[in-house]
Amino acid sequence: MNGKNSILIIDDEGIVRDSLSKWFNEDGFLVGTAENAAAGLRQLQSRKWDIILLDIKMPGMDGMELQQRIREIDPTATIIFITAHASVDTAVQALKSGAFDYVTKPVDPDHLSHLITNALKQRALANENTKLKEQFSEVSKVNDVVGDSPQMKKVYEMIQTVAGTDTTVMIRGESGTGKEIIARAIHSNSQRRYFPLVTVNCGALPAGILESELFGHERGAFTGAQYRRKGKLELADGGTLFLDEVGNIDVKTQMDLLRVLETKQFTRVGGNNIINVDFRIICATNKDLEKAMQDGVFREDLYYRLNVFTILVPSLRERKSDIPLLANYFAEKYARAIGKSITDISSDAMDILVRYDWPGNVRELENAIERAMVIGTPPAIRPEDLPFQLSEKKKKPACGSLAEMEKEHIIEILEQNHWNISRSADILDIDRVTLYNKIEKYGLQKPA
Amino acid sequence: MIHVLNGSSLAAQKFDQILFSAGSILEHPVRLEASPLDIQRAFDSSRGQYNSTALLAQILTTSLPNGEKWIAVVDVDLYVPVLTFVYGEAQFNGSAAIVSTHRLANQYYGIPQDDRLFLERLEKEMIHELGHTFGLYHCRQFDCVMHSSTYVEEIDLKRATPCLECKSSLLRTTKSL
């Protein structure tokens, strides 16, 4: 036995305490004894014990009651009850109350030896499990959610608020804002984090395939269905089902989905067996679902079922202050992945990144940095490594009046077309005469 | 000096090999003596067994010179109150131990008598209990004499000698005595 293991014997009979402590002492245990509940509690407060042998019948506070007090001090304590009089009732009561096992005096030495070995093994496994869970929680913390702007701080707050609940969450935001990452953050911080997060990209699959993808199918349900297949709803049991691009689901599948959300039951395509599932729904869309509802392409009842708690992810141009943070984060990420020693982004390059509008949002920024890391050379990312160059004109702040903007725009189009009036007029969607009038009005001149 | 108190029905010459083996392993002279124990005083009529702790206490009433060990060998079935039986008991890091032959014989388990095996088991259990008096804990090595045996086949699996680790602990203790 391992000399580091400890055992506390709580029994009112001195002879039992003495013989057990002698037995465990020879096994190399650190042994503690207590003659009653009060002494036992004192011992428990003095150190943590691996195993507690607890007499059920003791004067004053009995073993059952003491067990509850022990659990308040050490919820993970491994308790083995000992009693002189075996009865099914006490055994059941002891085990139901969370004891590891139950032995009657006198104990067969072989049984006691195995019991203690098993208790120690189980305790070691439980400790290992706890450690692994802690490590898992640490590594699964969603590092990809980056941002220090007030808008993102609000998003973090919302994630924290909703993660611990089972509420359905709808994440809305432009394409590329990181809606799936937010969904992962919610899942990783929820009670369901040890179960799967199953993602269904509703926008990527045709209607019939989506149905089979969600509900699974029985063998022979349709041509090509040679084997029974579990659907994503079944795979998500215990965990989270993330419906990405939920606005793209066809009306028939919307109806089926609504029924599952209401009953948490479904049948596979071509099957009759009712399957019960337990999952949490998170969905995401960049569509205007309210308009889709008005147009009759999105069911109102499904909308209200999904739209319980909404998180609006801001676009990148709405949180420009996060761009340096994100850019550095991606630079570090890809430097590690690619193995390059590019550790910085030059101030010129950063200036361009901050001023760009990022219509593709964070995804576009990430791609830009990845590309820059591939083509760039140490020590820093330079403007020429970026996939775009902002022209001086774009750098200019937008003109104040509408007339000014019109003038700038006409100049740009004329220059792009080498002052070809017909082509420029076509692009501007005005007739040639109008274009001539505007050239005159703004006093524009073809460069020499 | 280790005093073996023979309270069993075994003839003195049966102990020859055991005394030699124990003496060389424990590096102490070993002497066989008649047992002065009043075994019946330790009898528990409700269990039909003999309280080994009570018998140890009897041995300890004799005042022993420092460093000397006493081990009694008895035929009766021994117990400690919380366990169904024990093969033996020892005063940890002390001077007294006791071993029972009761459950070491094949006949107890309904199989044919084997004197050689019986004496080997007795030798191992005596060295095991004496090992405790020298401060040795139970050992995880299945073939070390200090491995805890809770059934007789487990005694057969181990050797009569301690593993290297137990042997070095033993030498440290015996040298300090």
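Conventions used here
- Residues numbered from 1 in each chain as written.
- Chains lettered and ligands numbered in written order.
- Predicted model: local features only at pLDDT ≥ 70, side-chain atom pairs only at ≥ 80, totals over all residues.
- Heavy atoms only, no water.
- Helix = DSSP H or I, 4+ residues; strand = E, 2+ residues; numbered from the N terminus.
- Buried < 20%, exposed > 50% of the residue type's maximum accessible area, 1.4 Å probe, protein only.
- Contact = heavy atoms within 4.5 Å.
- Salt bridge = Lys/Arg side-chain N within 4 Å of Asp/Glu carboxyl O.
- Patch = residues over 30% accessible without salt bridge, like charges linked within 9 Å, V, L, I, M, F, W, Y side chains within 5 Å.
- Areas by Shrake-Rupley, 256 points an atom, 1.4 Å probe, with all protein chains shown as cover.
- Phe/Tyr/Trp six-rings, centres within 6.5 Å; stacked < 30°, edge-to-face > 60°.
- Lys NZ or Arg CZ within 6 Å of the ring centre and 35° of its normal.
- Axes fitted to C-alpha atoms, helices over the stretch in contact; angles between N-to-C directions.
- Parallel < 35°, antiparallel > 145°, perpendicular 65-115°, else oblique.
- Left-handed = near helix turned anticlockwise from the far one by under 90°.
- Pairing = 2+ DSSP bridges.
- Polar contact = N/O pair within 3.5 Å; in protein donor to acceptor, adjacent residues only side chain to side chain.
- Nonpolar A, V, L, I, M, F, W, Y, C, P; charged D, E, K, R; others polar.

(A) Expanded view of the overall build of chain B. Across its full length, chain B holds five helices and eight strands. The linear arrangement of helices and strands in chain B, starting from the amino end, is β-α-β-β-β-α-β-β-β-β-α-α-α. Burial statistics for chain B: of 177 residues in total, 58% are counted as buried. When contacts within chain B are restricted to residue pairs at least 6 apart in sequence, long-range pairs at least 24 apart make up 65% of them.

(B) Fine view of the pattern of salt bridges. Applying the stated criterion across every chain, the model contains 35 salt bridges over all chains. For Lys252(A), the salt bridge goes to Asp256(A), with nearest N and O atoms at 2.8 Å. Of this pair, Lys252(A) and Asp256(A) both sit in helix α10 (residues 251–263), separated by four residues, roughly a single helical turn. With a relative accessible area of 44%, Lys252(A) lands in the partly exposed category. The exposure class assigned to Asp256(A) is buried, which follows from its relative accessible area of 10%. Across the pair Glu33(B) and Arg31(B) runs a salt bridge whose closest N-O atoms are separated by 3.1 Å. Salt bridges here are not isolated pairs; linked through shared partners, they connect Asp11(A), Glu13(A), Asp55(A) and Lys105(A).

(C) Summary view of a nonpolar patch on the surface. A contiguous nonpolar patch, built from Ile338(A), Val374(A) and Ile375(A) and spanning about 250 Å² of accessible area, is present on the exposed surface. Mapped onto the elements of the fold, Ile375(A) is located in helix α15 (residues 361–375).

(D) Representation of the packing of aromatic side chains within the structure. Within this structure, the stated rule accounts for nine aromatic pairs over all chains. Taken together, a centroid distance of 5.2 Å and an interplanar angle of 75° make the contact between Phe85(B) and Tyr87(B) edge-to-face. Here Phe85(B) falls in the buried class, since its relative accessible area comes to 5%. The class of Tyr87(B) is buried, set by a relative accessible area of 5%. Residue placement shows Arg47(A) over the ring face of Trp49(A); its charged tip is 5.0 Å from the ring centre. Here the guanidinium or amino end of Arg103(B) rests over the ring plane of Phe85(B), the centre of that ring lying 4.0 Å away.

(E) Seen up close, the packing of helix α17 (residues 402–416) of chain A against helix α18 (residues 421–428) of chain A. All names here are of chain A. Remark: α17 packs on α18, axes separated minimally by 9 Å, with the N-to-C direction vectors making an angle of 130°. Judged by the inter-axis angle, α17 sits oblique to α18. Crossing of α17 over α18 shows right-handed handedness. Contact residues: α17 offers His409, Ile410, Ile413 and Leu414, while α18 offers Ile421, Ser424, Ile427 and Leu428.

(F) Geometry of the environment of Thr168(A). Structurally, Thr168(A) can be placed in the loop between α6 (150–163) and β6 (169–172). Put simply, Thr168(A) and Thr240(A) are 72 residues apart on the chain and 9.9 Å apart in space, counted from C-alpha to C-alpha.

(G) Spatial organisation of the sheet that holds β6(A). Residues and elements named next belong to chain A. Strands sit in the order β7-β10-β13-β6-β14 across an open sheet of five strands; the sheet is parallel. The sheet is open, and its two borders are formed by β7 (197–201) and β14 (309–312), each paired with just one other strand. Taken pair by pair, the neighbouring strands of this sheet meet at an average axis angle of 20°, ignoring direction. Bridge analysis of β6 against β14 gives four bridges, and the strand direction is parallel. Across the sheet, the residue bridging to Arg172 is Leu312, located in β14. Sitting on the sheet, α6 touches β6, β13 (280–285) and β14, and the angle it makes with β14 is about 155°. Here helix α7 (residues 179–188) sits on the sheet in contact with β6, β7, β10 (240–244), β13 and β14, set at roughly 150° to β6.

(H) Here's a closer look at the interface of chain B and chain A. Contact residues are listed per partner, giving 20 residues for chain B and 20 residues for chain A. In this structure, the connection of chain B to chain A is made through one salt bridge. Close ionic contact of Glu89(B) with Lys22(A) constitutes a salt bridge, the shortest N to O distance being 2.7 Å. The interface formed by chain B and chain A contains nine residue pairs in polar contact (both at pLDDT 80 or more). The class makeup of the residues in the side of chain B that touches chain A is ten nonpolar, seven polar and three charged.

(I) Seen up close, unusual backbone geometry. Cis geometry marks the peptide bond from Lys105(A) to Pro106(A); its omega dihedral reads -5°. Examined against the element boundaries, Pro106(A) turns out to sit in the loop between β5 (101–104) and α5 (109–140). For the bond from Pro378(A) to Pro379(A), the omega torsion is 10°, close enough to zero to count as cis. Take Pro379(A): it is sitting in the loop between α15 and β16 (380–381). Of note in the backbone geometry, Asp429(A) takes a positive phi value of approximately 60° without being a glycine. Relative accessible area serves as the criterion here: at 70%, Asp429(A) is assigned to the exposed category. In this model, Glu27(B) sits at a positive phi of 55°, which is unusual for a non-glycine residue. For Glu27(B), the location among the structural elements is in the loop between α1 (16–26) and β2 (30–34). Take Glu27(B): its relative accessible area is 46%, and that puts it in the partly exposed class.

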